[in-house]
Amino acid sequence: MPDSGKDASSTDTGRDETEEERADRKWGELIQEIRVAQTGVQILFGFLLTVVFTPRYAQLRDVDQTIYIVTVVLGAAATGALIGPVSLHRIVSGRRVKPQAVRWASRLTFAGLVLLLATMTASLLLILRVATHDGYVPWLVAGVVAWYLICWFVLPLWARYRFTTP
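Residues numbered from 1 in each chain as written. Predicted model: local features only at pLDDT ≥ 70, side-chain atom pairs only at ≥ 80, totals over all residues. Heavy atoms only, no water.

**Observations regarding the overall build of the protein chain**
Within the protein chain, the regular secondary structure consists of four helices and zero strands. Counting helices and strands in the order they occur from the N terminus, the protein chain gives α-α-α-α. A compact globule built from 166 residues would reach a C-alpha radius of gyration of about 15 Å, whereas the protein chain, at 21 Å, exceeds it by more than 25%. Taking the principal axes of its C-alpha atoms as reference, the protein chain extends roughly 75 × 35 × 15 Å. When each of the 166 residues of the protein chain is scored for burial, the buried share is 30%. Considering only intrachain contacts with a sequence separation of at least 6, the fraction spanning at least 24 residues in the protein chain is 69%. Accessible surface computed for the protein chain: about 11000 Å², of which carbon and sulfur atoms make up 65%. For the protein chain, the distance from the average position of its 17 positive side-chain charges to the average position of its 14 negative side-chain charges is 4 Å. (Helix = DSSP H or I, 4+ residues; strand = E, 2+ residues; numbered from the N terminus. Rg over C-alpha atoms; globule rule 2.2 N^0.38 Å. Buried < 20%, exposed > 50% of the residue type's maximum accessible area, 1.4 Å probe, protein only. Contact = heavy atoms within 4.5 Å. Areas by Shrake-Rupley, 256 points an atom, 1.4 Å probe, with all protein chains shown as cover. Lys, Arg positive; Asp, Glu negative; His and termini not counted. Charge placed at Lys NZ, Arg CZ, Asp CG, Glu CD.)

Listed below in structure tokens is the structure:
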């Protein structure tokens, strides 16, 4: 069989592409995914930053202020992880390391999603604690977190397992 010049591992994806072409495609897909997550985390983080400047903040109980501080730090970490791939790409662009950059950007994105989950959980906990002091708040938060876990991780992992050929 004649050599088409394509990387032998390119047949693993069911596509006729070189490692560089695959990295370009994966990079484009990753950037589109990051845009969605970045928008959400930036809006949430921006909102969180304003809370401390409201008169109501001084009236929060110590535990709620602690939850707020933890939430802001988590939001900052999520923002950093989700913006990190852009910086990574800019710094290594043209250095012929795109496949490695895609792997690192993917890891940063996953870390950003986990941090976003934690930020949203803490935000929801804080908001519901301030809005109501009922004992059902932890149950509501747990239910929403379970929903996030299903949507963000369980369903994708199930689809990966179910529809990926060995």
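There is more to say after this.
**Observations regarding the packing of aromatic side chains**
This structure, assessed with the given rule, holds five aromatic pairs. Centroid distance Phe110 to Phe153: 5.6 Å. Interplanar angle 75°. Geometry classified as edge-to-face. Pair noted here: Phe110 is in helix 3 (residues 98-131) and Phe153 is in helix 4 (residues 137-163), with a separation of 43 residues, a long-range link. With a relative accessible area of 47%, Phe110 lands in the partly exposed category. (Phe/Tyr/Trp six-rings, centres within 6.5 Å; stacked < 30°, edge-to-face > 60°.)

**Some details on the layout of surface pockets**
Looking at the largest pocket, its volume works out to about 930 Å³. Residue lining of the largest pocket: 23 residues in total, with Leu30, Glu33, Ser106, Phe110 and Arg160 positioned closest to the centre. Of all elements in the fold, only helix 1 (19-51), helix 3 and helix 4 reach the threshold of two or more residues within the lining of the largest pocket. At 10 residues, the largest contribution of residues to the lining of the largest pocket is made by helix 1. Taken together, the residues that form the lining of the largest pocket break down as 13 nonpolar, three polar and seven charged. Approximately 170 Å³ is the volume attributed to the second largest pocket. Considering the residues around the second largest pocket, the lining is formed by Phe47, Leu48, Val51, Thr54, Arg56, Tyr57, Leu60, Leu126, Ile127 and Val130. (1 Å grid on protein atoms, 1.4 Å probe; cavity = no way out; pocket = protein on both sides within 12 Å on 5 of 7 lines; lining within 4 Å. Points joined across faces, edges and corners; volume = space filled by probe spheres on them. Nonpolar A, V, L, I, M, F, W, Y, C, P; charged D, E, K, R; others polar.)

**Thoughts on the nonpolar core**
Ranked by size, the top nonpolar core spans 15 residues in total, and within it Val41, Leu48, Tyr57, Tyr68, Val72 and Leu116 carry the most contacts. When contributions to this core are tallied by element, the ones reaching two or more residues are helix 1, helix 2 (62-92) and helix 3. Sorting elements by how many residues they give to this core places helix 1 first, with six residues. Among all residues touching Tyr68, those that are not within four sequence positions of it are Leu48, Leu49, Val51, Val52, Tyr57 and Leu126. Counting residues in hydrophobic clusters, the runner-up holds seven residues, among them Ala23, Ile31, Val102 and Ala105. (Core = buried A, V, L, I, M, F, W, Y, C linked by side-chain atoms within 4.5 Å.)

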